[in-house]
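Secondary and tertiary structure notes
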Amino acid sequence: MATFSGHETFPFRYEWLKKGYDALQKDSNIFSKPEAIVELGVGKNMVNSIKYWGLATGIFEKRNKEIVITDFGHFIFDDKNGIDPYLENNSTLWLLHWKIASTEDPATTWYLAFNEFNKNFFTKEDLLENIKLLIEKKSLKLPSENTLKRDIDVFLRSYALKIEKDLLEETFECPLTELNLIIEDNNFYRFNPLPSENLSLKVLAYSILEFWENHFPNKNALSLDELIYKSGSPFKVFKMTYETFLSKIIRVEKITNSAIIYDETAGIKQLYKRKDIDKYDIYKNKNLVDVSN
């Protein structure tokens, strides 16, 4: 399923996901009630946007036509045991980006832009035309031109800092701009692979395990090619260089207590799963230091 709307043209803001999480904990039907405007302290369109971003980031999910909090939502935002309820840690933003861009629905433009759009330098018009071609290639339903333009505009505002003073405040309100993944200069944009050099091993290990679980659940080994070329992979979603990716996956063994190891036997580069490990266990082990280098 492809979705190109639902955010009401708003990138998500720093406090929105926590507000949505807390409100949904109090009332499982909050997003279908008029009181949501008062509870969340935002306008009606922003209520819908908070629900959309809760789903896009994996904080919520639809279950039997209801919106419910996921394990990932509790993992991040629980006041007692959550790892980062107020988004103070850059690693949490990488996790949220991973959730948004690694699956095709509901943020389809995000998925296509990071996984299947092959230009590093582009204009907004380039991105629009290429996203349309990718939609047609995948036999997805093409939205209206205006809907797709608005979606692409929100995508770019989510990541690229604007220089114009009248847009600066609004752009800063989206946490993902801190990742510096997209650079804007005089209406030209480029993907920036350098920030992924600082990506923590815990985030990378979590994303590899989730990618493995979602795409290759019955395999005990993944080739380097599968990790690099498959859409929805950490390599693509984090816009990593080959050198950075290889240097980090070699060290995934340490961060997973040797559950996952990298090996190059007979010239075949692969990750092996030696034993089952829950992706959340990486964060439960307090003896493992979250490092990037």
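Look above for the structure.
Figured I'd write up the structure that's included with this text. Source: prediction; values computed, not measured.

About the cut-offs
Residues numbered from 1 in each chain as written. Predicted model: local features only at pLDDT ≥ 70, side-chain atom pairs only at ≥ 80, totals over all residues. Heavy atoms only, no water. Helix = DSSP H or I, 4+ residues; strand = E, 2+ residues; numbered from the N terminus. Expected span 1.5 Å × (residues − 1). Buried < 20%, exposed > 50% of the residue type's maximum accessible area, 1.4 Å probe, protein only. 1 Å grid on protein atoms, 1.4 Å probe; cavity = no way out; pocket = protein on both sides within 12 Å on 5 of 7 lines; lining within 4 Å. Points joined across faces, edges and corners; volume = space filled by probe spheres on them. Nonpolar A, V, L, I, M, F, W, Y, C, P; charged D, E, K, R; others polar. Salt bridge = Lys/Arg side-chain N within 4 Å of Asp/Glu carboxyl O. Pairing = 2+ DSSP bridges. Axes fitted to C-alpha atoms, helices over the stretch in contact; angles between N-to-C directions. Phe/Tyr/Trp six-rings, centres within 6.5 Å; stacked < 30°, edge-to-face > 60°. Lys NZ or Arg CZ within 6 Å of the ring centre and 35° of its normal.

1. Points about helix 10 (residues 201-215)
Taking 1.5 Å per residue, 15 residues should reach 21 Å; helix 10 reaches 21 Å between its end C-alpha atoms and fits that length. Within helix 10, twelve of the 15 residues are buried, which leaves the element mostly enclosed by the surrounding structure. Burial in helix 10 covers these residues: Leu 201, Lys 202, Val 203, Leu 204, Ala 205, Tyr 206, Ser 207, Ile 208, Leu 209, Glu 210, Phe 211 and Trp 212.

2. Structural notes on unusual backbone geometry
A cis amide bond links Asp 105 with the next residue in sequence, Pro 106, at an omega value of 10°. Mapped onto the fold, Pro 106 is located in the loop between helix 5 (90-101) and helix 6 (108-115). In the Ramachandran plot, Asn 64 falls in the positive-phi region, its phi being about 55° despite a non-glycine side chain. Here Asn 64 is to be found in the loop between strand 1 (60-63) and strand 2 (66-69). Even without being glycine, Lys 65 reaches a positive phi, approximately 70°. Within the secondary structure, Lys 65 sits in the loop between strand 1 and strand 2. Exposure remark for Lys 65: the relative accessible area of 88% places this residue in the exposed category.

3. A word on the layout of surface pockets
Of the voids in this model, the largest pocket is the one considered here, and its volume is about 660 Å³. Contributing to the lining of the largest pocket are 28 residues, with Leu 55, Gly 58, Phe 60, Glu 61 and Asp 105 lying nearest its centre. Secondary-structure elements contributing two or more residues to the lining of the largest pocket are helix 3 (44-56), strand 1, helix 4 (71-77) and helix 10. For the lining of the largest pocket, the element with the most residues is helix 3, which contributes five residues. For the lining of the largest pocket, the per-class residue count stands at nine nonpolar, nine polar and ten charged.

4. Some points on the pattern of salt bridges
For the structure shown, the criterion picks out 16 salt bridges. Lys 33 is paired through a salt bridge with Asp 27; the nearest N and O atoms lie 2.8 Å apart. A residue is classified by how much of its surface remains accessible, and Asp 27, at 18% relative accessible area, is buried. Taken together, the shared-partner salt bridges connect Lys 99, Glu 210, Glu 213 and Lys 279 into one network.

5. Digging into the sheet that holds strand 6 (residues 221-223)
The three strands are arranged 6-8-7 in an open sheet whose pairing can be described as antiparallel. Of all strands in the sheet, those with a lone pairing partner are strand 6 and strand 7 (260-263), marking the two edges. Here the strands of the sheet are splayed against their neighbours by 20° on average, with no regard to which way each runs. Both strand 6 and strand 8 (residues 270-273) contribute to a ladder of three bridges, which runs antiparallel. When the bridges of strand 8 are listed, Ser 223 appears paired with Gln 270.

6. Points about the packing of aromatic side chains
What describes a pair of aromatic rings is the distance from one ring centre to the other and the angle between the planes of the rings. According to the stated counting rule, one finds 26 aromatic pairs in the structure shown. Each ring, one from Phe 10 and one from Trp 16, has its centre 6.1 Å from the other, and the planes form 75°; the classification is edge-to-face. No difference in accessibility class separates Phe 10 from Trp 16, as the two residues are buried. Look at Tyr 206 and Tyr 283: their rings are 6.5 Å apart centre to centre, the planes differ by 75°, and that puts the pair in the edge-to-face class. Taken as a pair, Tyr 206 in helix 10 and Tyr 283 in helix 15 (residues 281-284) lie far apart in primary sequence, 77 residues in all. The exposure class of Tyr 283 is buried, given its relative accessible area of 11%. Of the aromatic side chains, those joined through ring pairs into one cluster are Phe 12, Tyr 52, Trp 53, Trp 110, Phe 114, Phe 117, Phe 122, Phe 155, Tyr 159, Tyr 189 and Phe 191. Lying across the ring of Phe 72, Lys 99 places its NZ or CZ 4.5 Å from the centre. Positioned over the ring face of Phe 191 is Lys 239, at 4.3 Å from the centre of the ring.

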